[in-house]
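# Remarks on the overall topology
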Amino acid sequence: MTQPQLLGSYWTLAVGADPTGDKLCLHDFRLRVETAAKAGFRAMGFWHTDLRENRSKLGFREMKRILDGNGIDEIEVEWLLDWFCTDERRAASDETRKLLLDAAVELGAKHIKIGDLGNDCADIPKMTEEFAVLCRQAEERGTNVLFEMLPAAFSRAPTLDAVLALCKGAGARNGGIMLDNLHLQRTSTPPQDIVRKIPRGLPLGVEINDGMLATPVNLIDSVINKRLLPGDGEFDIAAFLHAVWSHGYQGSIGVEVLNEYMRKWPLETAATEAFAKTEKVVTAARQQWEATQERIT
């Protein structure tokens, strides 16, 4: 069996980070990387405020040395918003853009994750135009840009068709989609649409977490406080993974869990539990999928 690499997202491993506050992890960079590696992760994600803080403390060169020394051979950097704005928000967004583009070069990031959370000014054509510019800048630095599909409560591109229109319209080889099973669940997007609609060759990223099937009363709270580790909820994670693998995806599987209780765990507990539970779910799904492929062939 080919075992996919697991990526510990920023929010899974940044114990103590408040998603409504400064978003900074309570633990220093070196300890976090060492703990993640000890738990089994060989890929990690980093948030822009965390990158800025640690660039100031350590510098990207030392951060890269720490990552390499602990066998972390893949990273993602995030989260860029307001990249389509024309008002005062654009200046702050451009600072974050430069930070993430620099991090992509210095740390060797595979992709930059973006979204349009809080978008009150740009329709799909405008976003497409700006997405193309961002992709060109990222291509010059050897990295991809992945737009994360979000529900309509958070995004003006809340369907797979809308995000595909954005990617196709931009015409960038390095512009693609971040697929999070939670957001597909909340947008009622069936896993089969991944195979049916997404063109082969479009860059993809994959994230998993778990939760309850019932639509939450408070969607925002459920997203930032109530996500569960894989295997602890009711989502059909296997069906989602079978779809991305059937599509041809061979990359890492990220685990992104924002949970108000998990944020209070010891760092080692968060890392080891996240890796062990995710590995169990992904391994079982992979075994099922490969057995199905053998029967087909």
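Computed from a prediction, not measured in an experiment: that's the story for all the values here.

### Details of the nonpolar core
One finds Leu51, Phe131, Leu179 and Leu241 to be the most contacted residues of the largest nonpolar core, which totals 95 residues. Setting aside anything within four residues of it in sequence, one finds leucine 241 in contact with Val206, Ile208, Ile253, Val282 and Ala285.

### Considering helix 7 (residues 160-170)
The α-helix winds at 3.6 residues per turn, so residues separated by three or four positions along the chain end up facing the same way. Listed in full, the buried residues belonging to helix 7 are Leu160, Ala162, Val163, Leu164, Leu166, Cys167 and Ala170. For helix 7, the secondary structure elements touched by its buried residues are helix 6 (124-139), strand 5 (144-148), strand 6 (175-180) and helix 9 (192-197). Two residues or fewer past helix 7, glycine 171 is found with a positive phi of approximately 65°.

### Regarding the side chain of threonine 49
One can find threonine 49 in helix 3 (residues 48-57). Within the local environment of threonine 49, its side chain forms a polar contact with the backbone oxygen of aspartate 22, the two atoms lying 3.4 Å apart. What threonine 49 contacts, discounting residues up to four positions off in sequence, is Asp22, Lys23 and Leu24.

### Topic: the packing of helix 2 (residues 29-39) against helix 12 (residues 267-296)
It is at 9 Å that the axes of helix 2 and helix 12 come closest, and there the two elements cross at 35°. Note that helix 2 runs across helix 12; the crossing there is right-handed. Of helix 12, the residues touching helix 2 (which contributes Leu31, Arg32, Thr35, Ala36, Lys38 and Ala39) are Leu267, Glu268, Ala271, Thr272 and Phe275. Partitioned by chemical class, the residues of the contact of helix 2 with helix 12 number 6 nonpolar, 2 polar and 3 charged.

### A closer look at the sheet that holds strand 8 (residues 253-255)
Ordered by their spatial adjacency, 8 strands build a closed barrel running 1-2-3-4-5-6-7-8, and the pairing between neighbours is parallel. The mean inter-strand angle of the sheet, taken between neighbouring strand axes irrespective of direction, is 30°. One ladder, built from 4 bridges, connects strand 4 (residues 111-114) with strand 5; its direction is parallel. Opposite lysine 113, over in strand 5, you have leucine 146 as the bridge partner. Contacts between helix 6 and the sheet are confined to strand 3 (74-80), strand 4, strand 5 and strand 6, with strand 5 contributing the most and set at about 145° to the helix.

### Section: the packing of aromatic side chains
Here the structure, examined in full by the defined rule, presents 10 aromatic pairs. Consider the rings of tryptophan 83 and phenylalanine 131, whose centres lie 6.2 Å apart with planes at 55°: the pair is tilted. Within this pair, whereas tryptophan 83 is found in the loop between strand 3 and helix 5 (89-107), its partner phenylalanine 131 is found in helix 6, the two being separated by 48 residues in sequence. We note that tryptophan 83, like phenylalanine 131, is buried. Here tryptophan 83 and phenylalanine 147 contribute two aromatic rings whose centre-to-centre distance is 6.2 Å and whose plane-to-plane angle is 85°, an arrangement assigned as edge-to-face. Within this pair, whereas tryptophan 83 is found in the loop between strand 3 and helix 5, its partner phenylalanine 147 is found in strand 5, the two being separated by 64 residues in sequence. Phenylalanine 147 sits in the buried class, given a relative accessible area of 0%. Linked through ring pairs, Tyr10, Trp11, Trp47 and Trp79 together constitute an aromatic cluster. When the ring centre of tryptophan 245 is taken as reference, the NZ or CZ atom of arginine 286 above it lies at 4.7 Å.

### A closer look at the pairing of strand 3
Burial runs high along strand 3: 7 of the 7 residues are buried. Note: strand 2 (residues 43-47) against strand 3, 5 bridges, orientation parallel. Bridge pairing in strand 3 places phenylalanine 46 opposite valine 77. By the bridge criterion, 4 bridges tie strand 3 to strand 4 in an arrangement that is parallel. If you follow glutamate 78 over to strand 4, its bridge partner there is lysine 113. Handedness of the strand 3-helix 5-strand 4 crossover: right-handed.

### Some remarks on the pattern of salt bridges
In total, this model carries 28 salt bridges according to the counting rule given. Between arginine 173 and glutamate 139 there is a salt bridge, with the nearest N and O atoms lying 2.8 Å from each other. Here glutamate 139 lies in helix 6 and arginine 173 lies in the loop between helix 7 and strand 6, a separation of 34 residues in the sequence. Arginine 173 sits in the exposed class, given a relative accessible area of 70%. Among the charged side chains, a network of salt bridges with common partners joins Glu78, Lys113, Glu148, Asp180, Glu207, Arg227 and Glu256.

How each quantity is defined
One numbering rule holds for all chains: residues counted from 1, following each sequence as written. Only residues with pLDDT of 70 or above have their local features reported here, since the model is predicted, and side-chain atom pairs are shown and tallied only from 80 upward, although totals for entire chains, interfaces and linings are computed over all residues. The side-chain quantities take in all heavy atoms of the structure and omit both hydrogens and water. Within this scheme, the nonpolar core is defined by two criteria: the residues are buried Ala, Val, Leu, Ile, Met, Phe, Trp, Tyr or Cys, and they are joined through side-chain atoms within 4.5 Å. For each residue, the accessible area found with a 1.4 Å probe, counting protein chains only, is set against the maximum for its type, and the residue is called buried under 20%, exposed over 50%, and partly exposed in between. The contact criterion used is simple: two residues touch if any of their non-hydrogen atoms lie within 4.5 Å. Helix numbering and strand numbering both begin at the N terminus, where a helix is a DSSP run of H or I of at least 4 residues and a strand a DSSP run of E of at least 2. Whenever two N or O atoms come within 3.5 Å, that pair is a polar contact, provided that in protein one can donate a hydrogen and the other can accept it, and provided that, for residues adjacent in sequence, both atoms are side-chain atoms. To get an axis, a line is fitted to the C-alpha atoms, and for a helix only the part in contact is used. The angle between two axes follows their N-to-C directions and goes from 0 to 180 degrees. The crossing is said to be left-handed when, going from far helix to near helix, the turn is anticlockwise and less than a right angle, and right-handed when the turn is clockwise. Each residue is assigned to one class: nonpolar for Ala, Val, Leu, Ile, Met, Phe, Trp, Tyr, Cys and Pro, charged for Asp, Glu, Lys and Arg, and polar for all the others, Gly among them. Any two strands are treated as partners once DSSP identifies two or more bridges connecting them. Each Phe, Tyr or Trp ring, with Trp reduced to its six-membered ring, pairs with another whose centre is within 6.5 Å; inter-plane angles below 30 degrees give stacked pairs, above 60 give edge-to-face pairs, and intermediate values give tilted ones. The criterion is that NZ of a Lys, or CZ of an Arg, lies within 6 Å of the ring centre and within 35 degrees of the ring normal, and then a charge sits over that ring. If you view a crossover with the strands going away from you and the path from the first strand over the helix to the second runs clockwise, you call it right-handed. We count a salt bridge whenever a side-chain nitrogen from Lys or Arg sits within 4 Å of a carboxyl oxygen from Asp or Glu.

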